Amino acid sequence: MCGIIGYTGKRNAREVLINGLSRLEYRGYDSAGVAIVEDGDVQIEKKQGKLSVLAEELKRSPLQGTSGIGHTRWATHGVPNDVNAHPHYDHRKDIAIVHNGIIENYQELKKTLQTKGYKFVSETDSEVIAHLIADLYTNDLCDAVKRAVKKLKGSFAIAVVHKGEQGRIVGARKDSPLIAGAGDGEFFIASDIPAILEYTNKVIYLENGEVIDLKEDGITIYNSRGKKENREPVIIKWDIKQAEKDGYKHFMLKEIFEQPEMLRRMFTKRIKNGQAHFEELTFSKKELGKIKKIAIVACGTAYHAGMIGKYLLEKIAKIPVWVDQASEFRYRDPLVAKDTLVIAISQSGETADTLAGVREAKKRGAKVISICNVVDSSIARESHGVIYTHAGPEIAVASTKAYTAQIANLYLFTYYIASARGIKGLNEKKVFAALKKIPGHAKNFLEQHHSKKNKISGYAAKFHEYYLARNNKSCFLYLARNINYPNALEGALKLKEISYISAEGYPAGEMKHGPIALIDENPWVVCIATEAATHDKMEANIQEIKARGGIVIAIVSEGDGLGEDKSINYAIEVPRVPEILSPMLVAIPLQLLAYYVAGEFGYDIDQPRNLAKSVTVE
Ligand code: M6R
């Protein structure tokens, strides 16, 4: 939610900021702005709309200078417009700030500042930060920021500049991410690594409550007690190419196609001598063996991965598991205690509700392991142990490779905990040999869908025609059973997110308890009917849909009798694998279907409306 960046050095700050913001746009894209300090002045340019609107404006009137801050917004307080866009000035235009997060006590602070004569121009909560810092400023920006953040409630990552302190940027964070980068005579501050990776791979992660002071000659970090902290930068091993489209039309498509190689790398790394290994996990197997129940806490796609985890853990590790949406878990007095393992799943590692869930679980004495993609993210750092998915940067808002990476790690963790619990007959060697074949199957499947005109894109085009012919009256229903039921939810979520078509996922067995009422010739029904113990039941569901005029796209196992016969309108064959391993493969056609449908409608696939990649506000 919102991306921030700051730069001080010898380069043209405008170019560095715009470039950095282009890599943060996934965090929010309803408006963008920069503030540049030069010749005793802070100049702001900000515009409603995508970053390209601001970039065009800056071509017409380029701001010059070698230090400044920038912001790409996802609106919380105040509609997206030029005024509410960041940066925000204080009333004298001495100071400019950018903010990611929510200031919960902004009304109260605003009233106090207004009585002192400060004039507010925007509807945002963020503007109060600029006035507050101005109010506390006595010739030292860092000192004013340190005092101001003590008065702020809520979450924030901020970057601040002052017209009289050219070359200086002060940042601070609480519950919103912020990193700093150290280059050769130049320094950066940003919400996320891709924003600065082109310039430096030396990164410092800021802790909650810290304030950072960047000047042309170096970085100083202060902890929440105001004491200096010495922290060496971490060297980032991945390079900026991984955060680029690499010839694909969209990040989403690139990330879908990255899945086979990502899974192959992961299985090679994690499976050794027929055993699952998690070297970064500091939990002893003995500790894990004592766990009596597991709660999985996550949001969105990560929640669906967690649901698959429940099937696996209960079936294989024989331990009771429940899965909670983090936004519910944190408020509903969950029964977690010392004997509970809480698994928090999050691609970004910054999702506000999941982070709050981690804190809630720790407060109740539970052990917390997180499954995160972003290394050193807040959730990863605050958990007792972490499993990194190592899926590489996921830029598209719609999560794809992070999902299959989460599922793959849940498989391995299931066997890890099952062996810690002394479960007999796990037969890991055989299972892992089959698991290691999944990347190859995924690769073969994707190769058949590489060309622009493939089977799935063809079905998407048919749906589009159908939709238009019916005056935009159609929707999608996704049905599945057992371990693929979470995939039905995920398929529906993917489609909704990027094509804005109404879509619902249901366990197929529930169809007769309500959703069947929706079926006439309008909805398209995606039925996951791959090889499974409940395969016959799925076939029966398909017949029931067809009998009522519904249009079926079935995902079936290769060579399966179902095929494209009279009962199915359209079929997508995936490689035949044991049911328990199928979710990773079944996810892929669902992702492609959503991608191609959105493409038919001409939508902005990587940056769907109203969404942002990491939801750092509640
Ligand atoms: O970063 P997280 O995995 O914690 O994010 C959770 C959800 O916000 C995320 O999965 C969201 O639902 C995606 N846009 C789904 O594609």
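Here's what I pulled together on the structure shown here. These numbers were taken from a predicted model, which means no experiment stands behind them.

1. Quick notes on the overall build of the chain
Across its full length, the chain holds 19 helices and 27 strands. The principal-axis extents of the C-alpha atoms in the chain amount to approximately 75 × 60 × 45 Å. Counting across all 618 residues of the chain, residues that qualify as buried make up 61%. Within the chain, contacts between residues separated by at least 24 positions form 71% of all contacts whose residues are at least 6 apart in sequence. Surface summary for the chain: the accessible area is close to 23700 Å², and the carbon and sulfur share equals 49%.

2. Quick look at helix α18 (residues 535-547)
In an α-helix, one turn spans 3.6 residues; hence positions three or four apart end up facing the same way. Taking 1.5 Å of rise per residue, the 13 residues of α18 would be expected to cover 18 Å, and the 19 Å separating its terminal C-alpha atoms lies within 8% of that figure. Among the residues of α18, those classed as buried are His535, Met538, Asn541, Ile542 and Ile545. Taken down its axis, α18 places every buried residue within 110° of arc, on the same side. α18 presents Asp536, Lys537 and Ala547 as exposed residues on the side facing more than 90 degrees away from its buried surface. At its buried positions, α18 is contacted by β23 (476-480), β25 (524-529) and β26 (551-557). Glycine 549, located one to two residues past α18, shows a positive phi value of around 90°.

3. A few points about the site of the ligand
The environment of the ligand is formed by 15 residues, the closest being Ser346, Gln347, Ser348, Thr351 and Glu497. In the environment of the ligand, an oxygen atom lies 3.1 Å from a nitrogen or oxygen atom belonging to the backbone of threonine 301. A total of 410 Å² of accessible area belongs to the ligand in isolation, and the protein chains cover 91% of it. For the shell around the ligand, the secondary structure elements donating two or more residues are α9 (300-317) and α17 (485-499). Among the residues making up the shell around the ligand, the classes are represented as 6 nonpolar, 7 polar and 2 charged. Of the residues that make up the shell around the ligand, three or more belong to each of domain 2 (251-436) and domain 3 (450-601).

4. Some words on the pattern of salt bridges
Per the stated rule, a full pass over the model turns up 38 salt bridges. The salt bridge involving arginine 330 is made with aspartate 353; its shortest N-O contact spans 2.6 Å. In this pair, arginine 330 sits in the loop between α10 (326-329) and β20 (340-346) while aspartate 353 sits in helix α11 (residues 352-363), placing the two residues 23 residues apart along the sequence. Taken individually, arginine 330 and aspartate 353 each receive the classification buried, so the pair is uniform in this respect. Between lysine 494 and glutamate 490 there is a salt bridge, and its shortest N-O distance comes to 2.6 Å. Of the two residues, lysine 494 and glutamate 490 both sit in helix α17, 4 residues apart, roughly one turn of that helix. Like glutamate 490, lysine 494 is buried. Residues joined in a network through salt bridges with shared partners are Asp140, Glu165, Arg168 and Asp213.

About the thresholds
Residues numbered from 1 in each chain as written. Predicted model: local features only at pLDDT ≥ 70, side-chain atom pairs only at ≥ 80, totals over all residues. Heavy atoms only, no water. Helix = DSSP H or I, 4+ residues; strand = E, 2+ residues; numbered from the N terminus. Buried < 20%, exposed > 50% of the residue type's maximum accessible area, 1.4 Å probe, protein only. Contact = heavy atoms within 4.5 Å. Areas by Shrake-Rupley, 256 points an atom, 1.4 Å probe, with all protein chains shown as cover. Expected span 1.5 Å × (residues − 1). Arc of directions from axis to C-beta. Near = heavy atom within 4 Å. Polar contact = N/O pair within 3.5 Å; in protein donor to acceptor, adjacent residues only side chain to side chain. Nonpolar A, V, L, I, M, F, W, Y, C, P; charged D, E, K, R; others polar. Domains from an automatic or database assignment. Salt bridge = Lys/Arg side-chain N within 4 Å of Asp/Glu carboxyl O.

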